[in-house]
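Read off the chains here:
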Amino acid sequence: MLLQLDGVCLRYGVQVLADHVSAKIERGDRICLVGRNGEGKSSLLRLIGGHGDPDEGEIIRQSGTVLATLEQALPDDCDHTVYRYVAEGLGDVGGWLAEYRDNQNPDLQAKIDSAHGWELLARIDSVLDRLDLDENARVMDLSGGWQRRAALARALVTEPDLLILDEPTNHLDIAAVEWLETFLATYRGALLFVSHDRALAQRLATSVWDLDRGILRVFNCPFDRYQQEKEKQLEEEARNDALFDKKLAQEEAWIRQGIKARRTRNEGRVRALQALRRERQARRERQGVAKMSLDAGERSGKLVAELKGVSFGFADERGELVPLIRDLDFTLMRGDKVGLIGPNGAGKSTLIRLLLGELEAQAGSVRLGTKLQVAYFDQRRDTLDPDQTVVDNIAEGRETIEVGGSSRHVMSYLSDFLFTGLKARTKVGALSGGERNRALLAKLFSQPANILVLDEPTNDLDVETLELLEQLLLDFPGTVLLVSHDRAFLDNVVESCLAFEGNGLVREYVGGYQDFVRQGGRFLSAEEQLRSRKREQSSGLAGEKPATAKTADTSAVAAPKSKKLSYKLQRELDALPAQIETLETEIAALEAEIGQPDFYQQDSEQVQARLQKLTELQQALETAFERWAELDGM
């Protein structure tokens, strides 16, 4: 046992987040913590991670257990180098080691000696190498995916027995999500995570903790089986509550009959009624299901936008044009539901602005349709004032709002989004991430629109709200442009995808994300992007040498390029692509095996043998790539 919750209670104001919760975490467990928005999942994670104490009960940790938390927020304002940021995960001694690299101060050396810190250098280098991080890069200059890697490295450098992750896929592109999913599938320690990404939960979770109205229930099964069991449990609870309410109503009718109820022989029945009343009063009602609806507004023209030969890009630091979109032909019709997929920074937001006429194409033509009414969901939630209440953000001083052609009181409208009473008068800054997203949806849907532009709408939403939003978008008669890294959401909503495949190439694929993969679509992985950048840098350096060395014999420089390989080396080079393909196939198969829910339930020696095999295959693949690059450059 790594950790045990024993009768833990946690309250936030009048809300009970955890009511005498008890559960255990064993070595190798992979636990997905689920619950409605605002139930207290993040609060419980912080408590388990050692930040704060429970109001009642205790958290028992095995002696020597190391915990690490991958925070939800990205370190996008950190101006340290990656090396220093990761090393500081080890505490003061990590900071001293990072500082000593730049300043060999004797006082620093003495501090490190006394803390036995030198042995930690190999651990820092190992985790940086394992995650392919550039130790000299500044954290704030990295993309969201690489910042998440750096944060993961900072957590892993402590070699934790339990890794805690709170919405780890937020703000990552699909390639980064798939990398993280594969990495966590091969992680040897225990995992406890909260995620709205159903595909990630399905692949990683071997058990599910369900936090509902302060009660924690443990389901020892994969995520899809949990969903079935949870539905059965709620149906049974509803039946029991209905029977209880019927009995209570009968007893209340009996007590109102008057004098007969107060006879001595009926005092026991009166006491039983009082007990029923107390039990009914103590019942915690399950938060209702949101009843979101959309006002499709005035019908737009049949054509929404037509792009012919459109190109758009920006100038880099050297003044060279970097294409985001190149020679794109695309027609968007009324009622189309299109997903935009690709790496962060690839140009998805730029294409949306071109489709809506907010940007002018640098080449080609854009023809817009008529009667366009656009509602824009911004993943940064900039349209909500955190210092104002939910009511003030939505109503903007009014008591009623126009929705679907009829007037509704703002509190009635907000109740459809599960904001009632005190919650509706809570400042937005005090809401959970999912509740803020629901507030933004309430503001978005309060205005008529025939075009919905949704930029990462699924972040932080609970599964029930996600499924409702999916159905809402499917029934919406207007046009939907959806930017999302949630693969299941894309598969369930969109009819086609525009994939940003690099170097300005944008290609349309019929269907959702899985259809894109089946049709041969793929994005460069982070490692491939890194190798590509390194090749470009090395070729750039190679190209500079003849220009600076003016006395060099240019024919001598060019000679190695035309040099023929020996018969033996040429055969080795020809065989490498097939060898690389075989290794990649074996690695993919082994990663799929390791990702199975029952993998860690096998004998520990067998588990370790398969993990060791994966490490050896990955090293062999890296060696093959390096040898191929070496021979190809001769």
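The rules behind these values
Residues numbered from 1 in each chain as written. Predicted model: local features only at pLDDT ≥ 70, side-chain atom pairs only at ≥ 80, totals over all residues. Heavy atoms only, no water. Helix = DSSP H or I, 4+ residues; strand = E, 2+ residues; numbered from the N terminus. Buried < 20%, exposed > 50% of the residue type's maximum accessible area, 1.4 Å probe, protein only. Contact = heavy atoms within 4.5 Å. Lys, Arg positive; Asp, Glu negative; His and termini not counted. Salt bridge = Lys/Arg side-chain N within 4 Å of Asp/Glu carboxyl O. Polar contact = N/O pair within 3.5 Å; in protein donor to acceptor, adjacent residues only side chain to side chain. Core = buried A, V, L, I, M, F, W, Y, C linked by side-chain atoms within 4.5 Å. Domains from an automatic or database assignment. Expected span 1.5 Å × (residues − 1). Pairing = 2+ DSSP bridges. Axes fitted to C-alpha atoms, helices over the stretch in contact; angles between N-to-C directions. Parallel < 35°, antiparallel > 145°, perpendicular 65-115°, else oblique. Left-handed = near helix turned anticlockwise from the far one by under 90°. Nonpolar A, V, L, I, M, F, W, Y, C, P; charged D, E, K, R; others polar. pLDDT = per-residue confidence, 0-100.

## Thoughts on the overall build of the chain
Argument step 1. Check the secondary structure of the chain and you find 21 helices and 20 strands.
Argument step 2. Expressed as a percentage of the 634 residues in the chain, the buried residues total 45%.
Argument step 3. Intrachain contacts of the chain at a sequence separation of at least 6 include 69% that bridge at least 24 residues.

## Details of the side chain of Arg 148
Argument step 1. Its place among the elements puts Arg 148 in helix α6 (residues 144-156).
Argument step 2. Buried charge without a partner: Arg 148 forms no salt bridge, and the closest opposite charge is Glu 167, 8.3 Å away.
Argument step 3. There is a polar contact of 2.9 Å between the side chain of Arg 148 and the backbone oxygen of Glu 71.
Argument step 4. Not counting the four nearest positions on each side in its chain, Arg 148 is found in contact with Leu 70, Glu 71, Gln 72, Ala 73, Leu 74, Glu 167, Pro 168, Asn 170 and Leu 172.

## Points about the nonpolar core
Argument step 1. Counting 55 residues, the largest nonpolar core has Leu 131, Leu 152, Leu 163 and Phe 193 as its most contacted members.
Argument step 2. Taken together, domain 1 (1-66 + 160-220) and domain 2 (69-159) each give at least three residues to this core, which thus spans both.
Argument step 3. When residues no more than four places from it in sequence are discounted, the contact partners of Leu 131 are Trp 146, Arg 149, Leu 152, Ala 153, Leu 156, Trp 179 and Phe 183.
Argument step 4. Counting 48 residues, the second-largest nonpolar core is a separate cluster that includes Phe 377, Phe 417, Phe 445 and Val 493.

## Some thoughts on helix α21 (residues 604-632)
Argument step 1. Helix length check: α21, at 29 residues, gives a terminal C-alpha distance of 42 Å against a target of 42 Å (1.5 Å per residue), a fit within 8%.
Argument step 2. Looking only at α21, the buried set comprises Val 607, Leu 611, Leu 614, Leu 617, Leu 621, Ala 624 and Leu 631.

## Regarding the sheet that holds strand β13 (residues 363-368)
Argument step 1. Ordered by their spatial adjacency, three strands build an open sheet running β11-β10-β13, and the pairing between neighbours is antiparallel. Every interior strand has two partners, whereas the edge strands, β11 (321-333) and β13, have only one. The average angle at which neighbouring strand axes cross in this sheet is 20 degrees, direction not considered.
Argument step 2. Examined bridge by bridge, strand β10 (residues 303-315) and β13 share five bridges and lie antiparallel to one another.

## What about the sheet that holds strand β1 (residues 3-12)?
Argument step 1. In space, the three strands of this open sheet follow the order β2-β1-β4, with antiparallel pairing throughout. Edge strands, defined here as strands with exactly one partner in the open sheet, are β2 (15-25) and β4 (56-61). Neighbour-to-neighbour, the strand axes of this sheet turn through a mean angle of 20 degrees, independent of strand direction.
Argument step 2. Of the strand pairs in this sheet, β1 and β2 are connected by seven bridges, and their pairing is antiparallel. Within β2, the position partnered with Leu 10 by the bridge is Ala 18.
Argument step 3. Here helix α1 (residues 41-48) sits on the sheet in contact with β1, β2 and β4, set at roughly 130 degrees to β1.

## Concerning unusual backbone geometry
Argument step 1. Even without a glycine there, the phi angle at Glu 159 is positive, about 50 degrees.
Argument step 2. With respect to the element layout, Glu 159 can be found in the loop between α6 and β6 (162-166).
Argument step 3. A positive phi angle, close to 45 degrees, is found at Glu 167, a residue other than glycine.
Argument step 4. Along the chain, Glu 167 falls in the loop between β6 and α7 (174-185).
Argument step 5. Note on Glu 167: relative accessible area 5%, which makes it buried.

## Focus: the packing of α6 against α7
Argument step 1. Following both chains from N to C, one finds α6 and α7 inclined at 20 degrees, their axes separated by 10 Å at the closest point. By the criterion of interaxial angle, the relationship of α6 to α7 is roughly parallel. α7 is crossed by α6, and the crossing has right-handed handedness. Contact residues: Gly 145, Arg 149, Leu 152 and Leu 156 in α6; Ala 176, Trp 179, Leu 180 and Phe 183 in α7.
Argument step 2. Split by residue class, the contact of α6 with α7 holds six nonpolar, one polar and one charged.

## What about the pattern of salt bridges?
Argument step 1. Applying the stated criterion to the full structure yields 22 salt bridges.
Argument step 2. Note that Arg 239 and Glu 236 form a salt bridge whose closest N and O atoms lie 2.6 Å from each other. You can see Arg 239 and its partner Glu 236 sitting in helix α9 (residues 223-255), three residues apart, about one turn around the helix.
Argument step 3. According to the relative accessible area criterion, Arg 239 is partly exposed, its value standing at 47%.
Argument step 4. Residue Glu 593 is joined to Arg 610 by a salt bridge in which the shortest nitrogen-to-oxygen separation is 2.9 Å. Remark: Arg 610 occurs in helix α21 and Glu 593 occurs in helix α20 (residues 567-594); sequence separation between them is 17 residues.
Argument step 5. Taking relative accessible area as the criterion, Glu 593 reaches 29% and is therefore assigned partly exposed.
Argument step 6. Sharing partners across several salt bridges, the network here consists of Asp 210, Asp 212, Arg 213, Lys 230 and Glu 237.

## Observations concerning the environment of Gln 233
Argument step 1. Tracing the backbone shows Gln 233 in helix α9.
Argument step 2. Judged by relative accessible area, Gln 233 falls into the buried class, the value being 18%.

## A word on the environment of Thr 479
Argument step 1. In this fold, Thr 479 is placed in strand β18 (residues 479-483).
Argument step 2. Exposure remark for Thr 479: the relative accessible area of 0% places this residue in the buried category.
Argument step 3. In this structure, the C-alpha to C-alpha distance between Thr 479 and Ala 449, residues 30 residues apart in sequence, is 9.3 Å.
Argument step 4. Once residues within four sequence positions are removed from consideration, Thr 479 is found in contact with Val 304, Leu 332, Met 333, Arg 334, Gly 335, Asp 336, Asn 450, Ile 451 and Leu 452.
Argument step 5. Within polar-contact distance, the side chain of Thr 479 engages the backbone nitrogen of Gly 335 at 3.2 Å.

## Comments concerning helix α11 (residues 348-355)
Argument step 1. Here α11 lies mainly inside the structure; six of its eight residues are buried.
Argument step 2. Listed in full, the buried residues belonging to α11 are Lys 348, Thr 350, Leu 351, Ile 352, Leu 354 and Leu 355.

## A look at the confidence of the model for the chain
Argument step 1. Here the chain averages 81 in pLDDT, while 87% of its residues score no lower than 70.
Argument step 2. Scored below 50 in pLDDT, residues 541-563 makes three contacts in the model with residues more than four places away or belonging to other chains.

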